[in-house]
Amino acid sequence: MSQINNNFISSSINPAIGCRHHSCGHKVHQQTQNIDHQHHHHHPDQRHRRMSLIPLLLPLTLWLLATFHLETVGALPEIIRLGGLFDIEDRYEEIAYRHAVQRVDSEQILNNTRLSAHWERLPMGDSFHASKKVCQLLQEGIAVVFGPQSPQTANLVQSVCDALEVPHVETNWDFRSNRGNYMINLFPHPSNLSRVFADVVTAWGWDKYIVIYENHESLIRLQEILKESNPSSRQAFVKQLPPDDDYRPLFKEVRSQAEITSIIIDCDSSKLPKIFEHARETGMMKDRRYFLTSLDILTLDPEEFSQTDSINVTALSLIDPDRIKVKSIIEQWDDLVVNGFRNRSHSPNFYFDDSYSGRNRYRQPAPSPTEPVPNLANNMLKTETALMYDAVELVARALFALNESYPHMIHMKSLNCKTQDTWQQGHLLLDVLRKVQFEGITGNIQFDPNGFRTNLTMDIIELSKNGFSRIGIYNTSEKEEKFTWTRTATETLRQQEEDLKDKILYVTTIIGAPYSIKGEDGNFTGYVPDLIEKLASVLKFRYEIREVADGKYGGPDPITKRWNGMIGEVMSGAADMAVADLSINFDRESAVDFTMPFMNLGISILYKNPAKTPPSLFSFLEPFNPEVWIYMATAYLGVSLVLFILARITPVQWQNPHPCKDDPDELENDLGVTNALWHNWGSLMQQGSDIAPKALSTRTVAGMWWFFTLIMISSYTANLAAFLANEGMEGAIKDIKDLPGQHKVKYGCVKSGTTRRFFEFSNFPLYKEIWTNMVNMKPDPLEDRTPDGVERVKKSNGTYAFFMESTSIEYAMANDEECRLTQVGGLLDSKGYGVALRKNSRYRNAFSNTILLLAEKGELETLKKKWWKGTGHCATVGPPPGGATPLSMAHVGGVFVVLLGGCAMACVMSIIEFMWKSRKFAKNVEKHDGGRTVVTID
C-alpha cells in the first residue's frame, strides 16, 4: 500500500517522474476505482464509524503525504551507479573508491538516493582491455567514471568519456597541460605543483643544490626549480636515479660534491626507504638537507630514521593527520582490514557493491568474498588514495547540488560505444562538479573554469629522528605571503638543541696561540678549546678537536675553485665545524654558514718597536738643532756688542766714580765689553747680574734680549724632557700612510686569508697601492701562517711590518719577552671571528644563541682575559706611577761633562791670569817714595 501511495503521489505531481514502469499508472487507477466502488456499498453504520475516524486519520494522512512527497519529488533516481577502473596494482585506490561510496550512503548525503559502486580491474597499460571494460560500464547507465591511474589507459578512457559526454574523474598526477572536456582531476596541476616546489626552495634560500630525478616526468615537476637556476646565483646539479635498486654509486658520486648540502629528490614514494637506506650507508644523511617532491612523506616509517644520527627531510603534504575525517577513515580502514567488505558482488562483466542486492538482476556470489584488505603504510593514506575519497564525495555533493537546483528528472542512460548516442545530461553534472567547493581530506576542494584544482593549502612536513612535525603551511591563494610558519623560533631552537644532544661533532682548528695550542700529548689548550667546552656544556653535544691538515684558514684555489684549509674541510664533511681565529667575510659566507661572532676585531699593523739609539753625551743639546745654536750664539755676541756700543754713546750710562766730587776729573762706564757679555750671559742663564743698564737705549736692548731668552729657554725646557726620554727612532713608521712612500720597511700578510682579500679586492687607492707593492716585492712578503709573520717581524730589526688581526697583535705584544713589538696605527676595518658550519646547517641558530648567551654572561670576556693576560716582561712590568720614565746617567752625562769642563777651564784661566800678571809685575820699574816702594799695577 505504501508503494502504491508513493507512486500515486509522484504521478499526481509529475507522471513522467512518478512511475518508472508503463503499468504503474494503470494499476493505481484500477486500485483507486476499486476503493471508490467499495465506498458506495458500505452499510450506513459502517459509514458512520468511518466518519468518526476521519478526525483521527487526517493528521496521519497529511504526514504520510508530506513524507511521500519529500521522498519522491527530486531530480535524482533511487540508485545512481558509479564506475571505477583500476589497475591491478592500484588496490588502495580501489578500496578507497568502494569505501568512499559506503561512507556517502551511510552519511546520507543524497538523502534517499543511494550510490552503487561498480568497478573492474585492468592489467597495467592494457588499452584494449580498458576500452572494453569502460564500454561495458557505460552500458549500465554510469553517471561518473573514476580512473584508471595508468596514464596510457587513462587517456583512452578519457577519450571515450568525452565522446559519450560522461564526466571522467581522475586522482593521479597528470603532466598534460590540456585535459579532456569532460575530465576533472583532483591532483594538483603540474605547473602549480612545480611552482610550489620552486617557492619552497626560494624561501629556504638554497643557492646550490643537487636534483635527483627518476624519469622524464620528474623533470616536468621540477621545471620551475630548473628554470630559476643559473651559474651566477643559483646552481642546480641534475642527476638521474639508476634503473636498478642500488643507489650507493650515485650517492658516492654526490658525496664528492661535499660543499653542496641541499638535495632535491623526485621519485615514487615506494623507492624512498631504499634510497635513504643507501644514503645512510654512504654517509649522505649526515648534515644533508633533503627536500622530497613526493606528497606521501607521511607514509614513511619514522622508526627507520630514529637511529640516524643526523636527518633533515622535508616535503609537502595535502593530508592533515589531525583532521577528524582523516582519523575516521583510517579507523574504518583498520576495520576493513579485519572484516573486509561484506557486500561485494560480481556480474559477468564487473564487480559491484550494493547493499540493496535484491534489486540487482546481475547479483552472483563473489568469487572471493574474503579477499583481504591491505594495511596502510605507516597507518596513513597515500595522496592518490585520499584523493579518491575526495573524488567520490565531490560527485556526491555535485549530485546533491544538482538535485536541489535542477527542476527535471536526471535519467541514467545506457550508452553504447558503437553508436553516436551521448548522455545529454552529462554536461549538467560536469558544470556542477566544477563549481562545488568543500573541505575534503586533502584540504580545500575547488576548481577553476578549466577543471584544474585551485586554492590549494599544503602542509610543510619535516621528518627528523623524533618523527614528523608540521613546520609551516603553503597557501596558493595568497599572492604575497604564501608561507605561514607554524613552528616558532623557540620551538625551532629547542628542536635543534634536541638534535645536537649526544651528537659527536668533529671540530677543525689551526694551531696558533692563544687560540689553539697543541701539547706534546696531542691535547689542545687555549681559547678555542675552552670556548668549545662551554658550547658543549650548554648544547650537550660531544666533540673531537683536530688540527687542519694543510695548516690554512681557507680560500678558493684560483684554478679549481675548490676551497682549502678549514673552510674546505667543513665543506667536504671532514669536519662538522671550524673554530679558530677565522674571520667572517663575504666569500667564506657563500661557502659555509657562520654563527654570530664570538670576538670582534679589525686589521692593524704589527711592527718592531723603534730601535733604541744610545743617548749621545750631549743629548741636552738635541732640543735645538745646530743651526739654532749657531744663531743663538751669534745673537748673544751681537746683542752684547750693541749693548757695549750704546753704553759708550749714551751719556746717561757714564757715571761719576766719586760721588763726593761735584766736578770729577773723569767718568767711568761699567758696561764694558766683558760686563756686556756677562750681563747677557746671566740673562740667558735666567740668573741675572749686578750690572744693570741705566740709559733708556741700553735698557731697551736689554729688555728685548730678556724677551728673546724667555722664549728660547722656555722652548728649550719644553723639548728637553722629551729629548732626554726619547731614545730615537731608526726608520720608524707611524701610520699605514707611511708605508707606500718608502722602501726600507717591507710589509705583508697571510697568503690565504681575509687580510689578503681585504687588500686584494679593495677599491681604496691607498690599499690598492699597498697590495700592488706586496705583490711586486722580493723576497715574497706573504707568510703561510700568522705565527710565521710575527717571528719575521721580530727578526727584521724594523725592516718588516705584518698586517694581522688586532686581537692577535694584542696577544703577541703581551707575550713578547723583549718588548719589541708594537701596534702601528688604528684599525683598518671591522669584522669578527665566528664558528663555521656547513652551508644551510640546521644548528646555526642553536650555536648563535648560545654564543649570545655566553657573551651576555660575560664568559667570553673572561676567556679573553684568561688567555690574553700575557706571560712576557712587557705584560708584567709597567711604567712607574704617573707614566714618567726615569732618566739614566747616559741621558744627563753631558751636563756633568760641561760642568767639569767649565770648572777645569776656570782653573786653567786662573793659572793663566796669575802667570800673566806675575810676568808683567817683574817688568815694572820699582819706584821709591820716602823710603817706600810703590808698585804700580795697571
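Note that the structure is a prediction, hence the values are computed from the model and not measured. In this numbering scheme, every chain counts its residues from 1 along its sequence in written order. Owing to the predicted nature of the model, reporting of local features is limited to residues with pLDDT of at least 70; listing and counting of side-chain atom pairs is limited to 80 or more, with chain, interface and lining totals taken over all residues. As a convention, hydrogens and water are excluded, and side-chain values are obtained from all of the structure's heavy atoms.

Is there a simple way to explain the pattern of salt bridges in this structure?
Between Lys or Arg on one side and Asp or Glu on the other, a salt bridge is scored when a side-chain nitrogen of the former is within 4 Å of a carboxyl oxygen of the latter. All told, the structure shown has 39 salt bridges when counted by the stated rule. In this structure, the salt-bridge partner of Glu791 is Lys794, at a minimum N-O distance of 3.9 Å. Taken together, the residues Glu791 and Lys794, both in helix α25 (residues 786-795) and three residues apart, mark about one turn of the helix. Each member of the salt-bridge network shares a partner with another, and the members are Arg195, Asp199, Glu224, Lys227, Glu228 and Arg234. Only DSSP runs of H or I with at least four residues qualify as helices, and only runs of E with at least two residues qualify as strands; both kinds are numbered from the N terminus onward.

Would you take a moment to explain the sheet that holds strand β30 (residues 836-837) for this structure?
In short, DSSP must find at least two bridges between two strands for them to pair. Spatially, five strands are ordered β21-β18-β22-β30-β23 in an open sheet, and the strand pairing comes out mixed. Two strands in the sheet have a free side with no partner beyond their single neighbour: β21 (542-547) and β23 (593-594). Note: β23 against β30, two bridges, orientation antiparallel. Residue pairing in the sheet places Phe594 in a bridge with Ala836 of β30.

How should I be thinking about the nonpolar core in this particular structure?
Soluble, globular proteins show a tendency: their nonpolar side chains are buried together. Note on terminology: a nonpolar core comprises buried Ala, Val, Leu, Ile, Met, Phe, Trp, Tyr and Cys residues joined through side-chain atoms within 4.5 Å. A 1.4 Å probe rolled over the protein chains alone gives each residue an accessible area, and that area as a share of the maximum for its type sets the label: buried under 20%, exposed over 50%, partly exposed in between. Ranked by internal contacts, the top residues of the largest apolar core, which has 125 residues, are Leu82, Tyr97, Phe146 and Tyr290. Ranked by the residues each element gives to this core, the list is headed by helix α14 (residues 383-405), at 12 residues. If you look at the next biggest cluster of nonpolar residues, it comprises 33 residues, including Leu500, Val507, Met599 and Phe847.

I would appreciate a short explanation of the packing of helix α5 (residues 91-107) against helix α13 (residues 324-339) in the present structure.
Geometry of a packed helix pair, given as the angle between the helix axes and the separation of the axes. For helices, the axis comes from a line fit to the C-alpha atoms of the stretch in contact; other axes are also lines fit to C-alpha atoms, and the angle between any two N-to-C directions lies between 0 and 180 degrees. At a closest axis distance of 11 Å, the pairing of α5 and α13 adopts a crossing angle of 110°. It follows from the interaxial angle that α5 and α13 lie roughly perpendicular. Counted together, Tyr92, Ile95, Ala96, His99 and Arg103 of α5 and Lys325, Ser328, Ile329, Gln332, Trp333 and Leu336 of α13 form the full contact between these two elements. Throughout, the term roughly parallel applies to angles under 35 degrees, roughly antiparallel to angles over 145, roughly perpendicular to angles from 65 to 115, and oblique to all others. Any pair of residues with heavy atoms lying within 4.5 Å of one another is described as a contacting pair.

How do you make sense of empty space enclosed by the protein when you look at a structure like this?
A probe as big as a water molecule, rolled over the atoms, marks out the empty space that is left. Note on definitions: the grid is 1 Å and covers protein atoms alone; a cavity is a set of points where a 1.4 Å probe fits but cannot get out; a pocket is an open set with protein on both sides within 12 Å along at least five of seven lines; lining residues have an atom within 4 Å of a point. Grid points are joined across faces, edges and corners, and a volume is the space filled by probe spheres set on the points. As enumerated under the stated definition, the model contains five cavities of 30 Å³ or more in all. Reported here for the largest cavity is a volume of approximately 170 Å³. In terms of lining, the largest cavity is formed by 17 residues, of which the most central are Asp287, Arg838, Ser841, Arg842 and Tyr843. Among the residues forming the lining of the largest cavity, the class breakdown is five nonpolar, five polar and seven charged. Tyr553, Gly753, Thr754, Thr755 and Glu805 are, among the 13 residues lining the second largest cavity, the residues nearest its centre. Elements with a contribution of two residues or more to the lining of the second largest cavity: α23 (754-760) and β27 (800-805). Top element by residues in the lining of the second largest cavity is β27. It accounts for three residues. Polarity classes work like this: nonpolar for Ala, Val, Leu, Ile, Met, Phe, Trp, Tyr, Cys and Pro, charged for Asp, Glu, Lys and Arg, and polar for all others, with Gly in that last group. In terms of residue class, the lining of the second largest cavity is made up of five nonpolar, five polar and three charged.

Please clarify how the environment of Lys768 should be interpreted in this entry.
Its place among the elements puts Lys768 in helix α24 (residues 765-776). Taking the C-alpha atoms as reference points, Lys768 and Phe758, 10 residues apart in sequence, are found 9.6 Å from one another. The contact partners of Lys768, leaving out residues within four places of it in the chain, are Ser762 and Asn763.

Looking at this structure, how should I read the packing of aromatic side chains?
How two aromatic rings sit relative to each other is set out by the distance from centre to centre and by the angle between their planes. Pairing of aromatic rings covers Phe, Tyr and the six-membered ring of Trp, with a centre-to-centre limit of 6.5 Å; geometry is then stacked below 30 degrees between planes, edge-to-face above 60, and tilted otherwise. Counted by the stated rule, this structure contains 32 aromatic pairs. For the ring pair Tyr97 and Phe146, a centre distance of 5.4 Å and an interplane angle of 50° mean the geometry is tilted. Within this pair, whereas Tyr97 is found in helix α5, its partner Phe146 is found in strand β3 (residues 142-146), the two being separated by 49 residues in sequence. With respect to class, Tyr97 is no different from Phe146; both count as buried. Seen from their ring centres, Phe197 and Phe291 are 5.9 Å apart, and the 75° between their planes marks the pair as edge-to-face. Taken together, the residues span a long stretch of sequence, with Phe197 in helix α8 (residues 190-204) and Phe291 in strand β9 (residues 289-292) at a distance of 94 residues. Here Phe197 falls in the buried class, since its relative accessible area comes to 0%. Here the aromatic residues Tyr515, Tyr527, Phe598, Tyr811, Tyr833 and Trp868 are joined through ring pairs into a cluster of three or more. Whether a charge sits over a ring comes down to the Lys NZ or Arg CZ being within 6 Å of the ring centre and within 35 degrees of the ring normal. In this structure, Arg289 packs its charged tip against the face of Trp204, placed 4.3 Å from the ring centre. Arg792 extends its terminal NZ or CZ atom over the ring of Tyr800, reaching a point 4.3 Å from the ring centre.

Would you mind showing me how to read the side chain of Thr385 here?
Inspection of the secondary structure assignment puts Thr385 in helix α14. Residue class for Thr385 comes out buried when judged on its relative accessible area of 1%. Of note is the side chain of Thr385, whose polar atom sits 3.5 Å from the side chain of Glu93. Among residues more than four places away in sequence, those in contact with Thr385 are Tyr92, Glu93, Ala96 and Trp333. Here a polar contact is recorded for every N or O atom pair within 3.5 Å, except that within protein the pair must consist of a potential hydrogen donor and a potential acceptor, and residues adjacent in sequence are included only if both atoms are side-chain atoms.

Sorry if this is basic, but what is going on with a negative patch on the surface here?
Patch membership is restricted to residues that have no salt bridge and whose relative accessible area is over 30%. Joining uses 9 Å for like charges and 5 Å for the nonpolar side chains Val, Leu, Ile, Met, Phe, Trp and Tyr. All accessible-area figures derive from a Shrake-Rupley calculation using a 1.4 Å probe, and residue coverage is judged against the displayed protein chains alone. Just so you know, the count uses Lys and Arg for positive and Asp and Glu for negative, and it drops His and the chain ends. To locate a charge, take NZ of a lysine, CZ of an arginine, CG of an aspartate or CD of a glutamate. On the surface, a cluster of negative charge is contributed by Asp662, Asp663, Asp665, Glu666 and Glu668. Examined against the element boundaries, Glu666 turns out to sit in the loop between α20 (626-649) and α21 (673-684). For Glu666, a relative accessible area of 56% puts it in the exposed group.

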